[in-house]
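# Topology and contacts: notes
Take a look at the letters that make up each chain.
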Amino acid sequence: MAARRPRSRSVHSRALLFLAVLFSVSPSARSLRFDLESGHTKCISDEIKVGAMAVGKYHVVGHDPNSPDSQIPDSHLVFLRVTSPYGNSMHYAENVPSGHFAFTATEEGDYLACFWAPDHKPPVSVGFEFDWRSGVAAKDWPNVAKKGQVDVMEMELRKLEDTIKSIHEEMFYLREREEEMQNLNGQTNSRMAWLGFLSLGICLSVAGLQLWHLKTFFERKKLL
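Note that the structure is predicted; figures quoted are calculated from it, not measured.

### Quick look at the overall build of the chain
Along the backbone of the chain there are three helices and eight strands. Helices and strands in the chain line up, N terminus first, as α-β-β-β-β-β-β-β-β-α-α. Counting contacts in the chain only where the partners sit at least 6 residues apart, residues at least 24 apart contribute 72% of the total. Element-wise, carbon and sulfur atoms account for 58% of the exposed surface of the chain, whose accessible area totals about 16,500 Å².

Right, here's the structure in full:
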């Protein structure tokens, strides 16, 4: 009787594949640091689904948001506007060194966060840090653990549960998009078929008119 092959490698491969899927579809969490030139604008977009929570924190490099005594020059104050896919303003701040925002998405699509610094002579470059999170990543899990008095394992299980829910919702969203694309392809193919029949009918009609015209011409010239 043939000996059974060990399954540890197969199980390990499946676990790696599952983790890869989790990370590939996990909700966005981005922390960025960039330089903002005076008189210029920089925009960052994030695709957010309806009902998902989004939070953001931002501050000028060199300014401590937790220290009220932290001061920076007026030339380093910035403007920020966060808009929805349909142009509705979700957050706006002007001449600030730091701030934060939070909202629940009511529209599905790309949300836009635009930063700009006012003109200054001579031009200055403002270092900026921006942390934007949405979906499961937007939840403050350490605070949840403190308030709910749950242990680390339960907290991880809750995070995993929310991640699985997010994956489930993403799969339904992709399925709906696939159905929309299939309907669009079906309508396009149907219209192209009707256009082909119409073109064929026009060509046959033109050919028939040409034959009729030639026959009439030759009969008039008594060549037939």
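### Structural notes on the sheet that holds strand 5 (residues 89-96)
The sheet built from four strands is open, its strands ordered 2-7-4-5 with antiparallel pairing. A single partner strand is all that each edge strand has here, and the edge strands are strand 2 (41-48) and strand 5. Mean inter-strand twist for the sheet, computed between neighbouring axes without regard to direction, equals 10 degrees. Pairing geometry for strand 4 (residues 78-83) and strand 5, over five bridges, is antiparallel. Its bridge partner lying in strand 5, Val-82 is registered against His-91.

### A short note on the nonpolar core
Core analysis: the biggest nonpolar cluster contains 27 residues, and Ile-48, Tyr-58, Phe-101, Phe-115, Phe-128, Phe-130 and Trp-132 have the highest contact counts within it. For this core, the secondary-structure elements that each account for two or more residues are strand 1 (29-37), strand 2, strand 3 (53-60), strand 4, strand 5, strand 6 (98-104), strand 7 (109-116) and strand 8 (125-134). Examining the composition of this core, we find that four residues originate from one element, strand 8, more than from any other. Discounting residues that sit within four places of it in the chain, Phe-128 has contacts with Leu-32, Arg-33, Phe-34, Tyr-58, His-59, Val-60, Val-61, Val-78 and Phe-115.

Conventions and cut-offs
Residues numbered from 1 in each chain as written. Predicted model: local features only at pLDDT ≥ 70, side-chain atom pairs only at ≥ 80, totals over all residues. Heavy atoms only, no water. Helix = DSSP H or I, 4+ residues; strand = E, 2+ residues; numbered from the N terminus. Contact = heavy atoms within 4.5 Å. Areas by Shrake-Rupley, 256 points an atom, 1.4 Å probe, with all protein chains shown as cover. Pairing = 2+ DSSP bridges. Axes fitted to C-alpha atoms, helices over the stretch in contact; angles between N-to-C directions. Core = buried A, V, L, I, M, F, W, Y, C linked by side-chain atoms within 4.5 Å. Buried < 20%, exposed > 50% of the residue type's maximum accessible area, 1.4 Å probe, protein only.

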